[in-house]
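Summary of structural features
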Amino acid sequence: MDKEEEYVKTLFYGLMKRERGMLARAITLVESTNPKKREQARMLLSQVLQYNKGLMAHSVKAFSAFRIGLSGPPGAGKSTFIEAFGKFLTAQNHRVAVLAVDPSSSTTGGSLLGDKTRMPELSCDMNAFIRPSPAKGSLGGVTRTTNEAIVLCEAAGYDIILVETVGVGQSEFAVSDMVDMFCLIIPPAGGDELQGIKKGIVEVADVVVVNKSDGDLVAAARRIQTEYISAIKYMRPRSQVWKPQVLRISSLTKEGIPDLWRMMQYFQQCMMDSGELICKRSKQQETWMWNYIRDHIMECFTTHVGVKKMLPELTRQVLSGLITPGAAADKLLKEFAKES
Ligand code: GDP
């Protein structure tokens, strides 16, 4: 066995032994863009997937972890919620992993999400694992590595995985494509303050959580809850067995959190019993494969010698209207099809 294989084996057994340090190193490996490390990452993932397959064959409960996506505009109280919810879950002997998806962190020079200052108590909890978003990469790259990080967390024995997004770009939609349940967290405010919510994101939510329903804000929270309940009524249902719910909670007083968790467990049960969860996960695997392909082709395309040479001039011609975008794309694709 060479050194590379040895390292993969060490990581694999570290995951099996539920060592947090090894999980962190394994995630760093899948985030790497170095071709050698990518090869090691592929080896590790295939060992893990093989192992999971074996587990699934023996276990009545077909899924090793409950994957929950959390999204909402900045200031909605996501980190306060994750801290409160995470502690609530670890107190019930769950092992909770928190992953963040923040493709914008490449421009802000480092991730703002998932760090220790945002969730001080949870980050000290032995049954929790918090991982900030990879600091660089395209949305495609970040979501691919998050997908892989989910698999690694499951292998390390985390039974609840929270995937948090910052309200930027299309990351919410990408996250809704990699979880079992998608949760939109909103503050008790209307109009301008809710502008951070992407159009269409409510349609993909399985539950809308109105946070900060405490003190003077209870009346406003009730109003928003009613508004969302009636908005959801008119949306086309995405599931045969689940109607999206709107709940009020307070991450400060923790009121409503046990009800929310009960509802989430009920959701998971309904989705499992009906077979929808299996279908959803299979479709997500397919999406994951296509993301891989798209990412890889784009990388090959943009690094292709001939394409690189022709691209600046053709772009200039497109910008000045000398050539149509379609004709420019044809020329580039023809060049790409040649051997480089
Ligand atoms: P994020 O940007 O979505 O992660 O939001 P934060 O968790 O940082 O919260 C933004 C602000 O809202 C902070 O000042 C929190 O203390 C406050 N906050 C969060 N949850 C609650 C809550 O349940 N009730 C009240 N009253 N304030 C909250």
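Thresholds applied
Residues numbered from 1 in each chain as written. Predicted model: local features only at pLDDT ≥ 70, side-chain atom pairs only at ≥ 80, totals over all residues. Helix = DSSP H or I, 4+ residues; strand = E, 2+ residues; numbered from the N terminus. Buried ≥ 20, exposed ≤ 12 C-beta atoms within 10 Å, placed from the backbone. Core = buried A, V, L, I, M, F, W, Y, C linked by C-beta atoms within 7 Å. Domains from an automatic or database assignment. Contact = placed C-beta atoms within 7 Å. Pairing = 2+ DSSP bridges. Axes fitted to C-alpha atoms, helices over the stretch in contact; angles between N-to-C directions. Expected span 1.5 Å × (residues − 1). Arc of directions from axis to C-beta. Parallel < 35°, antiparallel > 145°, perpendicular 65-115°, else oblique. Left-handed = near helix turned anticlockwise from the far one by under 90°. Near = placed C-beta within 6 Å. Nonpolar A, V, L, I, M, F, W, Y, C, P; charged D, E, K, R; others polar. pLDDT = per-residue confidence, 0-100.

Let's talk about the overall build of the protein
Within the protein one finds twelve helices and seven strands. Within the span of the protein, comprising 340 residues, buried residues form 34% of the whole.

Considering the nonpolar core
Among the nonpolar cores identified, the biggest contains 69 residues, and Ile68, Leu152 and Ile161 are the most heavily contacted of them. There are two domains that each give this core at least three residues, and those are domain 1 (1–58) and domain 2 (61–274). Setting aside chain neighbours within four positions, we find leucine 152 in contact with Leu15, Leu23, Ala26, Ile27, Val30 and Val48.

Quick notes on the sheet that holds strand S2 (residues 96–101)
Read from one edge to the other, the open sheet built from seven strands follows the order S3-S2-S4-S1-S5-S6-S7, with strand pairing classed as parallel. Two strands lie at the open edges of the sheet, namely strand S3 (128–131) and strand S7 (245–248), each paired on one side alone. On average, each strand axis in the sheet is tilted by 20 degrees relative to the strand beside it, whichever way the strands run. Both S2 and S3 contribute to a ladder of four bridges, which runs parallel. Directly across from valine 96, in S3, lies its bridge partner alanine 128.

Points about helix H8 (residues 218–233)
The terminal C-alpha atoms of H8 lie 23 Å apart, and with 16 residues this matches the ideal 22 Å at 1.5 Å per residue to within 8%. All of the buried residues along H8 are Ala221, Ile224 and Tyr228. In an axial view of H8, the angular spread of the buried residues amounts to 65 degrees, which keeps them on one side of the axis. Within H8, the exposed residues directed more than 90 degrees away from the buried face are Ala219, Thr226, Ser230 and Lys233. Here the buried face of H8 lies against strand S5 (181–186), strand S6 (207–210) and S7.

What about the packing of helix H1 (residues 3–16) against helix H2 (residues 20–31)?
To characterise two packed helices, one gives the angle between the axes of the helices and the distance between these axes. Axis separation between H1 and H2 bottoms out at 8 Å; the angle between their running directions is 135 degrees. Considering the angle they form, H1 stands oblique to H2. For the pair H1 and H2, the crossing hand works out as left-handed. Together, Leu11, Gly14 and Leu15 of H1 and Met22, Leu23, Arg25, Ala26 and Leu29 of H2 make up the contact between the two elements.

A few points about the site of the ligand
By nearness alone, 15 residues border the ligand, and Gly77, Lys78, Ser79, Thr80 and Lys212 come closest of all. Considered class by class, the residues forming the shell around the ligand number four nonpolar, eight polar and three charged.

Focus on the confidence of the model for the protein
As a note on interpretation, predicted positions should not be read in detail where pLDDT is low. Put simply, the protein has an average pLDDT of 87, and 86% of its residues get 70 or more. Note on residues 106–114: pLDDT under 50 across the span, and 26 contacts to partners over four residues away in sequence or across chains. Here the complex is predicted with pTM 0.87, and the ipTM for its interfaces comes to 0.99.

Here's the deal with unusual backbone geometry
Negative phi is the rule for most residues except glycine; trans is the rule for most peptide bonds. A positive phi angle is found at arginine 18, which is not glycine, with a value near 60 degrees. Inspection of the secondary structure assignment puts arginine 18 in the loop between H1 and H2. Although it is not a glycine, asparagine 93 adopts a positive phi angle of roughly 70 degrees. Here asparagine 93 is to be found in the loop between helix H4 (78–90) and S2.

A closer look at helix H9 (residues 257–274)
Across its 18 residues, H9 extends 26 Å between first and last C-alpha, which sits within 8% of the 26 Å expected from 1.5 Å per residue. Of the positions making up H9, those classed as buried are Ile257, Met264, Phe267 and Met271. Viewed end-on, H9 has its buried residues packed into an arc of 75 degrees, placing them on one side of the element. Among the exposed residues of H9, those oriented more than 90 degrees off its buried face are Pro258, Asp259, Arg262, Gln265, Tyr266, Gln269 and Asp273. Downstream of H9 by a residue or two, glycine 275 has a phi angle that is positive, lying close to 85 degrees.

Concerning the packing of helix H11 (residues 305–319) against helix H12 (residues 325–337)
Two elements in contact, H11 and H12, have axes whose closest approach is 10 Å; the angle formed by their N-to-C orientations is 175 degrees. By the criterion of interaxial angle, the relationship of H11 to H12 is roughly antiparallel. Here H11 contributes Gly306, Val307, Met310, Leu311, Leu314, Gln317 and Val318 to the contact with H12, which in turn contributes Pro325, Ala328, Lys331, Leu332, Glu335 and Phe336. Among the residues making up the contact of H11 with H12, the classes are represented as nine nonpolar, two polar and two charged.

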